[in-house]
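For reference, the chains in residue letters:
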Amino acid sequence: MLTRIDHIGIACRDLDKTVEFYRATYGFEVFHSEVNEEQGVREAMLRINGTDDGGASYLQLLEPTRPDSTVAKWLEKNGEGVHHIAFGTADVDGDSEAIRGKGVRVLYDEPRIGSMGSRITFLHPKDCGGVLTELVTSAQPAGHEGHGAHGGH
Ligand code: CMX
Ligand code: CO
């Protein structure tokens, strides 16, 4: 069951500058940052609020690490802006299979590793009304999400 907005993914050209915009404008601080080579991104997670399933909602700021990455190609075509939304679930495997069964293309056969050791998959935007949609199961057990995952570069 999808129980929260886990994050909104925002594509940018300059991560440090974008982090500073969100800090100076809204007061949001970086909760976690990392490079995900498989996804071709350098990212910063800004924690906005906790959620009633024990998780949290974030903004995920994304800068491409290489020109052939999905985010680089998207920036080339669209410029900076909202790139995807992500729903949180305790069971990304079960939920993605159920959604696949409804005829929506799930991009990965098995979930891959996302932010903070989470397991993630994506639904094709062309099957979701033009919205690239991610499903996320956090690494932390339910009830303890959002704690102890600071730092890491
Ligand atoms: N939102 C909405 N539509 C999108 C999109 C997006 N983010 N990215 C691509 N599309 C649309 C394009 O506009 C295009 O539509 P048209 O044919 O009407 O022009 C169509 O999908 C195909 O796009 P494309 O530019 O040819 O791109 P690809 O097919 O090569 O890739 C996708 C699209 C969704 C398969 C690819 O972006 C993908 O695998 N995404 C999942 C991985 C990802 O995004 N990783 C980065 C984030 C990591 C994280 O969140 O942790
Ligand atoms: Co994401």
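These remarks concern the structure in this document.

Calculation rules
- Residues numbered from 1 in each chain as written.
- Chains lettered and ligands numbered in written order.
- Predicted model: local features only at pLDDT ≥ 70, side-chain atom pairs only at ≥ 80, totals over all residues.
- Heavy atoms only, no water.
- Buried < 20%, exposed > 50% of the residue type's maximum accessible area, 1.4 Å probe, protein only.
- Helix = DSSP H or I, 4+ residues; strand = E, 2+ residues; numbered from the N terminus.
- Arc of directions from axis to C-beta.
- Contact = heavy atoms within 4.5 Å.
- Near = heavy atom within 4 Å.
- Polar contact = N/O pair within 3.5 Å; in protein donor to acceptor, adjacent residues only side chain to side chain.
- Areas by Shrake-Rupley, 256 points an atom, 1.4 Å probe, with all protein chains shown as cover.
- 1 Å grid on protein atoms, 1.4 Å probe; cavity = no way out; pocket = protein on both sides within 12 Å on 5 of 7 lines; lining within 4 Å.
- Sits in = over half its atoms within 2 Å of the grid points.
- Nonpolar A, V, L, I, M, F, W, Y, C, P; charged D, E, K, R; others polar.

1. Concerning helix α3 (residues 92-100)
Restricting attention to buried positions, one finds in α3 the residues Val-92, Asp-95, Ser-96 and Ile-99. Burial along α3 is one-sided: seen end-on, the buried residues are contained in an arc of 95°. On its buried side, α3 packs onto β1 (2-11), β5 (81-89), β7 (119-123) and β8 (133-137).

2. Topic: the site of ligand 1
As a structural note, the neighbourhood of ligand 1 is formed by 17 residues, with Gln-39, Lys-77, His-83, Lys-126 and Glu-134 the closest of them. Between Thr-70 and ligand 1, the recorded distance is 3.4 Å, taken from a side-chain N or O atom to a nitrogen atom. Within the contact set of ligand 1, a nitrogen atom lies 3.4 Å away from a side-chain nitrogen or oxygen of Trp-74. The protein chains hide 68% of the 970 Å² of surface that ligand 1 would expose on its own. When each cavity is represented as a set of grid points, ligand 1 is found to reside in the largest pocket. Secondary structure elements with two or more residues in the shell around ligand 1: α2 (70-78) and β5. Tallied by class, residues from the shell around ligand 1 come to seven nonpolar, six polar and four charged.

This is a description of form; function is not addressed.
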